[in-house]
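Observations on the model geometry
One letter stands for each residue in the lines below.
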Amino acid sequence: MRDDLISYTKRLVDGQGRLTYSFTPGDILPSFKRKIKESIRYIDSRLGLDFKKVKYSRSSDIIIIGYGDLPQGSNGAAVWTDIRWEIRFPVRYYGDYIFRHEMGHVLGFDHVPMGSKSLMAPGWNGYTTFTRSDWRQLEAVWGTEV
Ligand SMILES: [Zn+2]
């Protein structure tokens, strides 16, 4: 985990432990949106954070963007813009495990070495969701749902 990433997100969490997210209009395919919402619901169900989907607004805490500005060949990115997170994808539909990986950065993870049992390796290592060890670290920072 990286303290700076954790502190960016802690700054956004309001008194109710809530983080808002929105999609840039017309950008992400509805089927991908559904998978993203499912992933967020699952994270919400395990951690002491509440995520709330809001209408697209520059003031949401997390904005999810298709056709985002990415380094060449990149599959996705979580970018801290000084006031919010942007999760960017190269296209309108992408693997939902990439979304979960990017949410890992929003929740404070840095990359781990390729051989680690973690979703947070910098490339494909066979994991499509947070591992037990990932959850342990997430829960240590964000608490568990009560
Ligand atoms: Zn990453």
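These numbers come from a predicted model, not from an experiment.

Describing the overall build of the chain
- In terms of regular secondary structure, the chain is built from four helices and five strands.
- In terms of overall dimensions, the chain is globule-like: its C-alpha atoms have a radius of gyration of 14 Å, near the 15 Å expected for 146 residues.
- Counting only C-alpha atoms, the chain reaches 35 × 35 × 25 Å along its principal axes.
- Considering the chain as a whole, with its 146 residues, one finds that 29% of them fall into the buried category.
- Taking the intrachain contacts of the chain between residues at least 6 apart in sequence as the baseline, contacts between residues at least 24 apart amount to 60%.

What to know about unusual backbone geometry
- Its identity as a non-glycine residue notwithstanding, Tyr67 has a phi of 55°, on the positive side.
- Topologically, Tyr67 is positioned in the loop between strand E3 (62-65) and strand E4 (77-80).
- Under the C-beta neighbour-count criterion, Tyr67 is labelled partly exposed, with 13 such atoms within 10 Å.

Some thoughts on the pairing of E3
- In this structure, strand E1 (residues 18-23) lies alongside E3, joined through three bridges in parallel fashion. By the bridge assignment, Ser22 is partnered in E3 with Ile63.
- Taken together, the four bridges between E3 and strand E5 (residues 85-88) define a ladder with parallel strand orientation. Following the sheet pairing, Ile64 is matched in E5 by Ile87.

Points about the nonpolar core
- Ranked by size, the top nonpolar core spans 24 residues in total, and within it Ile62, Ile64 and Leu107 carry the most contacts.
- Breaking this core down by element, the ones donating at least two residues are E1, helix H2 (30-46), E3, E5, helix H3 (96-106) and helix H4 (132-142).
- Looking at this core, the element that brings in the most residues is H2, giving four residues.
- When neighbours within four sequence positions are excluded, Ile64 is seen to be in contact with Tyr21, Phe23, Ile28, Ile36 and Ile87.

Re the sheet that holds strand E2 (residues 50-53)
- If you walk across this open sheet you meet the five strands as E2-E1-E3-E5-E4, and the pairing is mixed. Of all strands in the sheet, those with a lone pairing partner are E2 and E4, marking the two edges. Averaged over all adjacent pairs, the angle separating strand axes in this sheet is 25°, with direction ignored.

Here's the deal with the packing of H2 against H3
- Contact geometry for H2 and H3: axes closest at 9 Å, N-to-C directions at 45°. Comparing the axis directions of H2 and H3 gives the class oblique. Read as a crossing pair, H2 and H3 show a hand that is right-handed. Packed against H2, whose contacting residues are Lys35, Ile36, Ser39 and Ile43, the element H3 presents Asp96, Phe99, Arg100 and Met103 at the interface.
- Looking at the contact of H2 with H3 residue by residue, the class counts come to four nonpolar, one polar and three charged.

Calculation criteria
- Every chain is numbered independently, its residues counted from 1 as its sequence is written.
- In keeping with the model being predicted, local features are shown solely for residues with a pLDDT of at least 70 and side-chain atom pairs are shown and tallied solely at 80 or more, while totals for entire chains, interfaces and linings include all residues.
- Going along the chain from the N terminus, every DSSP run of H or I of four or more residues is numbered as a helix, and every run of E of two or more is numbered as a strand.
- In this description the radius of gyration comes from C-alpha coordinates, and the expected globular size is given by 2.2 Å times residues to the power 0.38.
- Here a residue counts as buried when 20 or more other C-beta atoms fall within 10 Å of its C-beta, as exposed when 12 or fewer do, and as partly exposed in between; the C-beta atoms come from the backbone.
- Once C-beta atoms are placed from the backbone, any two residues with those atoms within 7 Å are in contact.
- Strand pairing is assigned whenever DSSP detects at least two bridges linking the two strands.
- Here a nonpolar core is just a set of buried residues of the types Ala, Val, Leu, Ile, Met, Phe, Trp, Tyr and Cys, joined wherever their C-beta atoms sit within 7 Å.
- Axis lines are fitted to C-alpha atoms, over the contacting stretch for helices. Their N-to-C directions set the angle, which ranges from 0 to 180 degrees.
- Any angle between 65 and 115 degrees counts as roughly perpendicular, while under 35 counts as roughly parallel, over 145 as roughly antiparallel, and the rest as oblique.
- Here a crossing is taken to be left-handed if its near helix is turned anticlockwise relative to the far helix by less than a right angle, and right-handed if that turn runs clockwise.
- For this classification, Asp, Glu, Lys and Arg are treated as charged, while Ala, Val, Leu, Ile, Met, Phe, Trp, Tyr, Cys and Pro are nonpolar and the rest, including Gly, are polar.

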